[in-house]
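Fold and geometry: a report
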Amino acid sequence: MKEARCPLCKERIKIGMKPWRGQQLECPACDALLEVVGLNPISLDWPYDDSGYIGADYNEEEAEYGKY
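Here is a short report on the structure shown in this document. Just so we're clear, the structure is a prediction, and the values are computed from it rather than from any experiment. For every chain, the first residue of its written sequence is number 1, and the numbers climb from 1 along that sequence. pLDDT decides what is reported in this predicted model: residues at 70 or higher carry local features, side-chain atom pairs at 80 or more are listed and counted, and totals for whole chains, interfaces and linings draw on all residues regardless. Processing note: side-chain calculations cover all non-hydrogen atoms of the structure and skip hydrogens and water entirely.

1. Remarks on the overall build of the protein
Note the threshold: Strands are runs of DSSP state E lasting at least 2 residues, helices are runs of H or I lasting at least 4, and numbering of each runs from the N terminus. Here's how the labels work: a residue is buried when its accessible area is under 20% of the maximum for its type, exposed when over 50%, partly exposed in between, all with a 1.4 Å probe on protein chains only. Contacts: residue pairs with any heavy atoms within 4.5 Å of one another.
Each helix and strand counted, the protein has 1 helix and 5 strands in total. Per-residue burial over the protein gives 24% buried out of 68 residues. In the protein, the proportion of contacts linking residues at least 24 apart, taken out of those at least 6 apart, comes to 17%.

Put into structure tokens, the structure is as follows:
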């Protein structure tokens, strides 16, 4: 059984025998949703999600007139 540490609470998390990059799991101690981002050594991070992200330079008026 392979293990890694939660980046939030440092709890050991059992991942399984064959983890894969992108595998999502939940920390049993702090309930953080995590993703396997590295395999050798196994490392965990928060899942990347940019859905709904609007950059700092976004201007609603310019978007309405076709600049974006």
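2. Here's the deal with the sheet that holds strand S3 (residues 24-26)
Basically, it comes down to this: Two strands qualify as a pair provided that DSSP identifies no fewer than 2 bridges between them. Here the axes come from fitting lines to C-alpha atoms, over the contacting stretch only for helices, and the angles between their N-to-C directions go from 0 to 180 degrees.
Here we have 3 strands laid out as an open sheet, ordered S3-S4-S5, and antiparallel in their pairing. Each edge of the open sheet carries a strand with a single partner, namely S3 and strand S5 (42-45). Adjacent strand axes in the sheet meet at a mean angle of 40° when their direction is disregarded. For strand S4 (residues 33-39) and S5, the ladder comprises 4 bridges, and the chain directions are antiparallel. Across the sheet, the residue bridging to Leu39 is Ile42, located in S5.

3. A look at the side chain of Gln23
On the secondary structure map, Gln23 appears in the loop between strand S2 (12-16) and S3. With relative accessibility at 10%, the residue Gln23 sits in the buried group. Those residues in contact with Gln23 that lie beyond four places of it in its chain are Ile15, Leu34, Glu35 and Val36.

4. Some remarks on the nonpolar core
Cut-off, in case you're wondering: In plain words, nonpolar cores are sets of buried Ala, Val, Leu, Ile, Met, Phe, Trp, Tyr and Cys residues tied together by side-chain atoms within 4.5 Å.
Formed by Ala4, Cys6, Ile13, Ile15, Leu25, Cys27, Ala32, Leu34, Val36, Ile42 and Leu44, the largest nonpolar core amounts to 11 residues. Other than its neighbours up to four places away in sequence, Cys27 contacts Cys6, Cys9, Glu11, Ile13, Ala32 and Leu34.

5. Regarding unusual backbone geometry
Note: most residues except glycine have negative phi, and most peptide bonds are trans. Omega for the peptide link from Asn40 to Pro41 comes to 0°, which places this bond in the cis form. The residue Lys10 is not glycine, and still its phi comes out positive at about 70°. Despite not being glycine, Asp31 shows a phi value in the positive range, around 65°. With respect to the secondary-structure elements, Asp31 resides in the loop between S3 and S4.

6. As for the side chain of Glu35
The criterion, for reference: Neither His nor the chain ends contribute to the count of charged residues, in which Lys and Arg are positive and Asp and Glu negative. Here, a salt bridge means any Lys or Arg side-chain nitrogen found within 4 Å of an Asp or Glu carboxyl oxygen.
Along the chain, the position of Glu35 falls in strand S4. Notably, Glu35 is buried but unbridged: the nearest opposite-charge side chain belongs to Arg21, and the N-O separation is 8.2 Å. Apart from residues no more than four positions distant in its own chain, Glu35 is found in contact with Gly22, Gln23, Gln24, Ser43, Leu44, Asp45, Pro47 and Tyr48.

Taken by themselves, the reported measurements are silent on function.
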